[in-house]
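# Working through the structure, step by step
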Amino acid sequence: MEPLNHIFSNHFSTFFLAILLVIGYALNLANAAPMTHNHQFVIQATPVKRLCKTQNVITVNGMFPGPTLEVNNGDTLVVTVTNKAQYNVTIHWHGVRQMRTGWADGPEFVTQCPIRPGGKYTYRFTIQGQEGTLWWHAHSSWLRATVYGALIIHPKQGSSYPFPKPKRETPIILGEWWNANPIDVVREATRTGAAPNVSDAYTINSQPGDLYNCSSQDTVIVPINSGETNLLRVINAAMNQPLFFTVANHRLTVVGADASYTKPFTTTVLMLGPGQTTDVLISGDQKPSRYYMAARAYQSAQNVAFDNTTTTAILEYKSAPCAPKNCSSSNKPVMPQLPAYNDTATVTAFNKQFRSPNKVLVPAEIDENLFFTVGLGLNNCPSNFDKSSQCQGPNGTRFSASMNNVSFQLPSNFSLLQAHQLGIPRVFTTDFPANPPVKFDYTGNNVSRSLFQPVAGTKLYKLKYGSRVQIVLQDTSIVTPENHPIHLHGYDFYIIAEGFGNFNPQTDASKFNLVDPPLRNTVGVPVNGWAVIRFVADNPGVWLMHCHLDVHITWGLAMAFLVENGVGKLESIEAPPQDLPPC
């Protein structure tokens, strides 16, 4: 028979081990539980030197780009924005679904009135079911030229990427720089009715790079080791330009876009419209050296001025033979080949490769079958305007833009969401047309001049909660055809088909991918072509859809959906927060 003290000892050890296991399990649960991340954003003017010139630009916390926010899927963000700048401001969390939290979406006069100088507002929202790369930016006038940053969503605690874990991760934010105050640039264009001045440089992580004056010393260096695989999180934050991006001598494996995973595919060049993000794996499989990363314009519109410069950063192998500051001219980084500015064939081939990783549930039956034309227009010079100074568009006109011939006008006294929630009349109407008011040869060469002048209005389209929506987005050749990056707030959508010419439902429906189409929040409508998207209207609120070329939204290339509440609390928008900025 065992001694009593030995039996007691065994029982105590077992009990103690059980306690440790329970504590460990509880700690693991705590670690895996969603977290709340609190941040302070101070909007302020900051001296910044670029292209040999120092000027005050609007920044967040004095940083350019602004802070990178990192969260896990399921976490909550609480960001208090204090406006110490001279302009009104809002912040948009680009691509975040904002389930029932439309008050935190951020577009000025759509979901909130702006934060006035000296004011403050706290954005509160939870990331639900999204992983990958998004970004945040100002959504007020042209402040987003310098007010932007990355929003990185890691997998839930205890989960992992659907690809081998990279050694390191680097945000690559493509931007656009003016040797002028961007607010003055857009104000001057609004005054004259002409196109705004094009930018003076493109940037990578706010630096123009070696090919510009006074810029080499601050060129961004991205490190890599031989044999390792890294993740580049590429974001196009440029104001008005789709951009090609490539890395000399390296292949890029696309694994995600707009915070959704993709079926991996390998390419040598990316094309991102403003607003789009692309996650790529890059392997250190080349001779240890220094290689340029480069970005420049994809310009689909003909006879339109654009910034034709090239921005660079340097991919540097840590075992490269010389340090960056000591490299001789003979050791300059290798320069990549970039596509021609108007290389639509490369863009089309690139976009065709995007697929969801697995079979997805695309809405099969459609409740709302919508057809939206997107494009430019020209307004005749009003009789009370000075033609020489205020009508400097083509042939004495003023530039405009529209969807379904409606040029979107933002309200100025209430936000659309407030007007909807409070039942305030005469702020908007709900008669946005489901189809173009006039059918015509959308991509033809001889569009009637009577179609060049859109109708100004604040028209919304009402959707019932849960309705299954299909939208055909059709480019037009009015003024000029162009690739338009169309972004929908509050939703991701499946891009089920793209093509050129006029969409034909009889013949083009056979091209629909209803098995594994990509899930995106911004679609590049092909130049002289069309794209078809589908989504379920399961997020109540007022949601802006607009071209992410900011000059086009300035001219009115936008509309908004009013998605009604469903049944019960979980299908209804939350009450407005107490600190919502007053109008």
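Each chain has its residues counted from 1, running along the sequence as written. A pLDDT threshold of at least 70 governs which residues receive local features in this predicted model, and a stricter bar of 80 or more applies before side-chain atom pairs are shown or counted, although totals over entire chains, interfaces and linings include all residues. Only hydrogens and water are removed before side-chain values are computed, so all heavy atoms of the structure are retained for them.

## Quick notes on the pairing of strand S2 (residues 53–60)
- Where strand S1 (residues 36–50) meets S2, 8 bridges bridge the pair, whose relative direction is antiparallel. Note on S2: the bridge partner recorded for Arg50 is Lys53.
- Note on pairing: two strands pair once DSSP finds at least 2 bridges between them. Runs of H or I in DSSP of at least four residues are treated as helices and runs of E of at least two as strands, each being numbered from the N terminus. From the end of S1 to the start of S2, which pair antiparallel, there are 2 residues, and Leu51 there has a positive phi angle of about 50°.

## Some points on the state of the cysteines
- The criterion for a disulfide is a pair of cysteine sulfur atoms lying within 2.5 Å. A full pass over the atoms with the stated rule returns 3 disulfides.
- Across the disulfide, Cys52 is cross-linked to Cys214 (sulfur-sulfur distance 2.0 Å). Residues Cys52 and Cys214 are joined through a disulfide that is right-handed, its torsion about the S-S bond being 90°. A residue pair is termed long-range when its members are at least 10 positions apart, and Cys52 in the loop between S1 and S2 and Cys214 in the loop between strand S10 (201–204) and strand S11 (221–224) qualify at 162 residues.
- Paired by a disulfide, Cys113 and Cys583 hold their sulfur atoms 1.7 Å apart. Negative torsions about the S-S bond denote left-handed disulfides, and the value of about 75° found for Cys113 with Cys583 makes this one right-handed. Remark: Cys583 occurs in the segment after strand S32 (558–563) and Cys113 occurs in the loop between strand S5 (91–94) and strand S6 (120–126); sequence separation between them is 470 residues.
- Using a 1.4 Å probe on the protein chains alone, a residue whose accessible area is under 20% of its type maximum counts as buried, one over 50% counts as exposed, and one in between counts as partly exposed. Since its relative accessible area comes to 0%, Cys113 is described here as buried.
- For Cys583, a relative accessible area of 43% puts it in the partly exposed group.

## Thoughts on the packing of aromatic side chains
- In this analysis, rings of Phe, Tyr and Trp, with Trp reduced to its six-membered ring, are considered paired at centre separations within 6.5 Å, and the interplanar angle assigns stacked below 30 degrees, edge-to-face beyond 60, and tilted for intermediate values. One pass over the full model with this rule turns up 28 aromatic pairs.
- Centroid distance Phe41 to Trp93: 6.0 Å. Interplanar angle 40°. Geometry classified as tilted. With Phe41 in strand S1 and Trp93 in strand S5, the pair connects residues that are 52 residues apart, well separated along the chain. Here Phe41 matches Trp93 in class, with each residue buried.
- Site record: aromatic cluster; members linked through ring pairs are Phe372, Phe432, Tyr461, Tyr491, Phe535, Trp543 and Phe561.
- Positioned over the ring face of Phe452 is Arg449, at 4.2 Å from the centre of the ring.
- Two limits define a charge over a ring: the Lys NZ or Arg CZ must be within 6 Å of the ring centre, and within 35 degrees of the ring normal. Between the NZ or CZ atom of Arg520 and the centre of the ring of Phe354, over which it lies, the distance is 5.0 Å.

## Considering the side chain of Thr373
- Following the sequence through the fold, Thr373 ends up in strand S20 (residues 368–380).
- When its relative accessible area of 7% is taken as the criterion, Thr373 is described as buried.
- Two residues form a contact once any of their heavy atoms are found within 4.5 Å. Once residues lying within four places of it in the same chain are set aside, the contact partners of Thr373 are Ser402, Met403, Asn404, Asn405, Pro436, Tyr442, Gln474 and Thr476.

## Points about unusual backbone geometry
- Across the junction of Phe64 and Pro65, the peptide omega takes the value 0°, indicating a cis bond.
- Tracing the sequence through the fold places Pro65 in the loop between S2 and strand S3 (69–72).
- Positive phi values are uncommon outside glycine, yet Asn61 reaches one of about 55°.
- Summarising the element assignment, Asn61 is placed in the loop between S2 and S3.
- By relative accessible area, which is 31% here, Asn61 ends up partly exposed.

## A closer look at helix H2 (residues 182–192)
- The complete set of buried residues in H2 reads Pro182, Ile183, Val185, Val186, Ala189 and Thr192.
- Packing partners of the buried residues in H2 comprise helix H4 (387–390), strand S21 (397–403) and helix H7 (550–555).
- The term polar contact refers here to a pair of N or O atoms within 3.5 Å; inside protein, the definition further demands a hydrogen-donor-capable atom paired with an acceptor-capable atom, and it admits residues adjacent in sequence only when both atoms are side-chain atoms. Two or three places before Ile183, at the start of H2, stands the capping residue Asn181, its side-chain oxygen 2.9 Å from that residue's backbone nitrogen.
- Backbone geometry just downstream of H2 places Gly193 in the positive-phi region, at approximately 80°.

## Comments concerning the environment of Glu574
- Relative to the helices and strands, Glu574 is located in the segment after S32.
- In this structure Glu574 comes out as partly exposed when scored by relative accessible area, which is 36%.
- Spatially, the C-alpha atom of Glu574 lies 9.3 Å from that of Pro540, the residues being 34 residues apart in sequence.
- Glu574 has contacts with Arg100, Thr101, Trp103 and Gln421, leaving out every residue within four places of it along the chain.

## Comments concerning the sheet that holds S2
- Strands sit in the order S2-S1-S4-S6 across an open sheet of 4 strands; the sheet is mixed. If you trace the sheet from one side to the other, it starts and ends with S2 and S6, each paired once. Sheet twist, expressed as the mean angle between neighbouring strand axes with direction ignored, is 25°.
- Sheet topology places strand S4 (residues 76–83) next to S6; 7 bridges connect them, and they run antiparallel. The residue bridging Val81 from the neighbouring strand is Tyr121, located in S6. Helix axes use the C-alpha atoms of the stretch in contact, all axes being lines fitted to C-alpha atoms, and the angles between their N-to-C directions lie in the range 0 to 180 degrees.

## Overview of the pairing of S4
- Within S4, 7 of the 8 residues are buried, which leaves the element mostly enclosed by the surrounding structure.
- Strand direction decides the pairing type here: S1 and S4, joined by 8 bridges, are parallel. For Val42, the partnering residue across the bridge sits in S4 and is Thr82.

## Side note on the sheet that holds strand S29 (residues 522–525)
- Pairing in this open sheet of 5 strands is mixed, and the strands run S24-S32-S31-S26-S29 from one edge to the other. Edge positions in the open sheet fall to strand S24 (460–463) and S29, since each of these has one partner strand only. Direction aside, neighbouring strands of the sheet carry axes that sit 20° apart on average.

## Focus on the side chain of Ser206
- One can find Ser206 in the loop between S10 and S11.
- A distance of 3.0 Å separates a polar side-chain atom of Ser206 from the backbone oxygen of Phe64.
- Other than its neighbours up to four places away in sequence, Ser206 contacts Arg50, Phe64, Pro65, Tyr148 and Ile173.

Remember that the coordinates give geometry; whether it matters functionally is a separate question.
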